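Topology and contacts: notes
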Amino acid sequence: MTMAAFLARRLIGNRSSQILGTSCSSSGAFISVARAFSSSTTPIKATLFPGDGIGPEIAESVKQVFTAADVAIEWDEHYVSTEVDPRTNSFLTWESLQSVLDNKVGLKGPMATPIGKGHRSLNLTLRKELNLYANVRPCYSLPGYKTRYDDVDLITIRENTEGEYSGLEHQVVKGVVESIKIITRKASMRVAEYAFLYAKTHGRKKVSAIHKANIMQKTDGLFLQCCDEVAKKYPEIYYEKVVIDNCCMMLVKNPALFDVLVMPNLYGDIISDLCAGLVGGLGLTPSCNIGEDGIALAEAVHGSAPDIAGKNLANPTALLLSGVMMLRHLKLNKQAEQIHSAIINTIAEGKYRTADLGGTSTTTDFTKAICDHL
Amino acid sequence: MKLADGLFLESCREVAKKYPSITYNEIIVDNCCMQLVAKPEQFDVMVTPNLYGNLVANTAAGIAGGTGVMPGGNVGADHAVFEQGASAGNVGKDKIVLENKANPVALLLSSAMMLRHLQFPSFADRLETAVKKVIAEGKCRTKDLGGTSTTQQVVDAVIAKLD
């Protein structure tokens, strides 16, 4: 740890865990401390990937709302290139990746994966190069947008680097293939630590580890062991273990039973989408990917919707809410709350809604309504 | 999982070709779960590999009423064993047995499936109709369906409704 960070920690004392917030490693903590001490007029640089299709339009919404809310963020925009960059073996350039590594925060719109071979998928590139190990998705019922479930308020935290998605498959003989699931102590501890820290810093009461360790005794068993270990360090947080099939049933019968869920990769993929379905779909769902050294890349998880691109019809809610998550990660809680309330109130009011929510407003009208609500 | 699930899909496609009158489509499992909770009526028959089937069956069962009402069966080349369709989180809890509140509907409907498998469709129909009438009437329901009846009371009601 550098001298400056050490002194900072001593100065802050007991409040360090609150200010240093969600980052796990010491260098990540140092970044947050530096920001806490920086003057409020110095804008924070954040990488912005508007993405494809409706991406640029909704990114524009985010910029407008953030400006209206006086958020001191300087956007460092990057676009997906049309050619493969040999340094990254992907359509994302080396400069784009460096930008996120330097700025430590980013916001990403939907990226259409180009068809073809000989390059890595965009999401895979980001995940590997930025070492994004946890995918965090808050799911809560939006007042004013009715679904069959009114009382959803949970967060899914998904391990994002290994598990069933390790990419290790091979054909044994024709008609028989094997897929290898890898669970490591390192990755499981890392995501479990993040989950409990998140629960603590966000005032959540319960963490549920989702598994199928009764069948996959070694892999999910190891994951559970790691969660057990971390749980012991947080006695104030209620910890439970739920088998995944039970979890699915409980989620559709009574989602209020859950608070924070932590899961390995595949279960996380399925459960986080299931939860998105409970509250209204991917068009409203924010998410944030956490990397080592305090990196956070918030992203809208919906597709690029090429059929409505450029027509001013897109719903920017998912990207806006993801931007709010980014602000919270940066500890700009006051403005995060302001923008969040403005979005919720606009949707609740019902006067300005985009087509996917059953309304007739354009993207720009909806954005303006949110700015007015600030 | 391109190879593993890829092989599964290839196999489904091959068989689908032999049944041109049946609509066949494919859906990624995470999207499927999302669709299930938003609009379950779009699905009819779903065929899945092992793990996904476990999750999808439980999700669907939860949407339709829970472990207490969903029937199921396990079919093999030579034998078939019928049991509740979705995993019961309360398996092996003696305390619940003593309370006599378990819902017999799931197992009754599973036994109707067994009767159908044994080619006794009229018996199967009679049993299913009786069970459905009892549930629809709403007077005799166990705790998981929001009522206060005991297991025996539900069984007696079903027997009474058999014609």
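The model shown is predicted, which means the values in this text are computed figures rather than measured ones.

Our focus in this paragraph is the overall build of chain B. Helix and strand counts for chain B stand at seven helices and two strands. Mapped in sequence order, the helices and strands of chain B form the string α-α-α-β-β-α-α-α-α. Dimensions of chain B, computed from the C-alpha atoms along their principal axes, are close to 50 × 35 × 30 Å. Here chain B holds 163 residues, and 27% of them are scored as buried. The long-range share in chain B, meaning contacts at least 24 apart out of those at least 6 apart in sequence, stands at 50%.

Position of Asn265 of chain A among the secondary structure elements: in helix α10 (residues 265-279). Among residues more than four places away in sequence, those in contact with Asn265 of chain A are Arg158, Glu159, Asn160, Thr161, Glu162, Gly163, Glu164 and Tyr165 of chain A.

Judged by nonpolar contacts, the single largest core of 73 residues is most densely connected at Trp75, Ile157, Met326 and Ile339 of chain A. Per-element tally for this core: the top contributor is helix α7 (residues 185-201) of chain A, with nine residues. If we ignore the near neighbours within four places in the chain, the residues touching Ile157 of chain A are Ala134, Asn135, Val136, Val191, Tyr194, Ala195, Tyr198, Val260, Leu261, Val262 and Met263 of chain A. Counting 31 residues, the second largest nonpolar core, distinct from the first, contains Val252 and Leu278 of chain A together with Cys33 and Leu36 of chain B.

We now examine the interface of chain A and chain B. As a measure of interface size, the accessible area lost when the parts come together is often cited. Chain A puts 31 residues into the contact, and the matching count from chain B is 28 residues. Buried surface at the junction of chain A and chain B, summed over both partners, amounts to about 2,300 Å²; 71% is from carbon and sulfur atoms. The largest per-residue losses of area from chain A upon contact with chain B belong to Glu169, Met249 and Ile270 of chain A, which jointly make up 24% of the total buried on that side. Our count for the contact surface shared by chain A and chain B stands at zero salt bridges. There are five residue pairs in polar contact (both at pLDDT 80 or more) connecting chain A and chain B. Counting only elements with at least two residues in the side of chain A that touches chain B, the list comes to β6 (169-173), β7 (176-179), α9 (244-253) and α10 of chain A. At nine residues, α10 of chain A tops the list of elements feeding residues into the side of chain A that touches chain B. Among the residues forming the side of chain A that touches chain B, the class breakdown is 16 nonpolar, seven polar and eight charged.

Note on placement: Pro40 of chain B falls in the loop between α2 (29-38) and α3 (50-64). Separated by 24 residues in sequence, Pro40 of chain B and Ala64 of chain B place their C-alpha atoms 9.3 Å apart. Those residues within four positions of Pro40 of chain B in sequence are excluded, and the remaining contacts are Arg148 of chain A together with Gln35 and Ile63 of chain B.

Moving on: helix α4 (residues 55-68) of chain A. Residues and elements named next belong to chain A. Here α4 spans 20 Å end to end across 14 residues, near enough to the 20 Å set by a 1.5 Å rise per residue. Looking at α4, one finds that the buried residues are Gly55, Glu57, Ile58, Ala59, Ser61, Val62, Val65 and Phe66. Contacts made by the buried residues of α4 are with β1 (44-49), β2 (73-77), β3 (105-108), α11 (317-329), α12 (333-349) and α13 (363-373). With its phi angle positive at about 60°, Asp70 sits one or two positions after the end of α4.

A word on the pattern of salt bridges. Residues and elements named next belong to chain A. Enumeration over the complete set of coordinates arrives at 27 salt bridges over all chains. One salt bridge connects Lys63 with Glu60, and the closest N-O pair in it is separated by 3.9 Å. One end of the pair, Lys63, and the other, Glu60, are both in helix α4, three residues apart, so they sit about a helical turn from each other. Its relative accessible area of 37% is what places Glu60 among the partly exposed residues. With a closest N to O distance of 2.7 Å, Asp220 and Lys181 form a salt bridge. Separated by 39 residues along the polypeptide, Asp220 in helix α8 (residues 219-232) and Lys181 in the loop between β7 and α7 bring together distant segments of the chain.

Backbone-to-backbone hydrogen bonds join strands into a sheet, with any given pair of strands oriented parallel or antiparallel. Residues and elements named next belong to chain A. Read from one edge to the other, the open sheet built from 10 strands follows the order β2-β1-β3-β12-β11-β4-β5-β10-β8-β9, with strand pairing classed as mixed. Only two strands of the sheet have a single neighbouring strand rather than two, namely β2 and β9 (238-243). Averaged over all pairs of adjacent strands, the angle between strand axes in this sheet comes to 25°, irrespective of strand direction. Its contacts with the sheet put α10 on β4 (132-140), β5 (153-159), β8 (206-211) and β10 (260-263), and the angle it makes with β5 is roughly 155°.

With that out of the way, let us pick up the packing of aromatic side chains. Residues and elements named next belong to chain A. Per the stated rule, a full pass over the model turns up six aromatic pairs over all chains. Taking 6.0 Å as the distance between ring centres and 50° as the angle between the ring planes, the aromatic pair formed by Tyr194 and Tyr198 counts as tilted. One end of the pair is Tyr194 and the other is Tyr198, both in helix α7 and four residues apart, which spans about a single turn. With 5.8 Å between their ring centres and 50° between their planes, Phe196 and Tyr239 make a pair best called tilted. Here Tyr239 lies in strand β9 and Phe196 lies in helix α7, a separation of 43 residues in the sequence. Each member of the pair, Phe196 together with Tyr239, is buried. Ring pairs connect the aromatic residues Tyr133, Tyr194 and Tyr198, which therefore count as one cluster.

Of note, Ser304 of chain A is situated in the loop between β12 (296-300) and α11. Residue Ser304 of chain A is classed as buried on the basis of its relative accessible area of 11%.

Residue and element names in this part refer to chain B. Examined against the element boundaries, Ala64 turns out to sit in helix α3. The class for Ala64 is partly exposed, based on a relative accessible area of 47%. Among all residues touching Ala64, those that are not within four sequence positions of it are Val69 and Met70.

Another aspect to go through is the confidence of the model for chain B. Averaged over all residues, the pLDDT of chain B is 91; the fraction at 70 or higher stands at 96%. The complex model carries a pTM of 0.85, and its ipTM stands at 0.87.

Rules used in this analysis
Residue positions are counted from 1 within each chain, in the order its sequence is given. As a convention, the first chain written is A and the first ligand written is 1, with the rest following in written order. Only residues with pLDDT of 70 or above have their local features reported here, since the model is predicted, and side-chain atom pairs are shown and tallied only from 80 upward, although totals for entire chains, interfaces and linings are computed over all residues. Computation of side-chain values: all heavy atoms of the structure, hydrogens and water removed. Each helix is a run of H or I in the DSSP string that is no shorter than four residues. Each strand is a run of E no shorter than two, and both are numbered from the N terminus. Only protein chains enter the accessibility calculation, which uses a 1.4 Å probe; a residue whose area is less than 20% of its type maximum is buried, one above 50% is exposed, and one in between is partly exposed. Contact criterion: two residues are considered in contact whenever any of their non-hydrogen atoms come within 4.5 Å of each other. Joining through side-chain atoms within 4.5 Å is the link that ties buried Ala, Val, Leu, Ile, Met, Phe, Trp, Tyr and Cys residues into a set, and such a set is a nonpolar core. Two parts placed together each lose some accessible area under a 1.4 Å probe, and adding up what both lose gives the buried area. The rule for a salt bridge is simple: a side-chain nitrogen of Lys or Arg has to be within 4 Å of a carboxyl oxygen of Asp or Glu. By the criterion applied in these results, polar contacts are pairs of N or O atoms within 3.5 Å in which, for protein atoms, one can donate a hydrogen and the other can accept it, and in which residues neighboring in sequence qualify only through two side-chain atoms. Gly counts as polar in this scheme, as do all residues outside two lists: the nonpolar Ala, Val, Leu, Ile, Met, Phe, Trp, Tyr, Cys and Pro, and the charged Asp, Glu, Lys and Arg. Helix span is expected to be 1.5 Å times the residue number reduced by one. Pairing between strands requires that DSSP locate at least two bridges from one strand to the other. In this description, a line fitted to the C-alpha atoms serves as the axis of each element, helices being fitted only across the stretch in contact, and the angle between N-to-C directions of two axes falls anywhere from 0 to 180 degrees. Note on aromatic contacts: the rings of Phe and Tyr and the six-membered ring of Trp form a pair at centre separations within 6.5 Å, being stacked when their planes are under 30 degrees apart, edge-to-face when over 60 apart, and tilted otherwise. Per-residue confidence from the predictor is reported as pLDDT, which spans 0 to 100.

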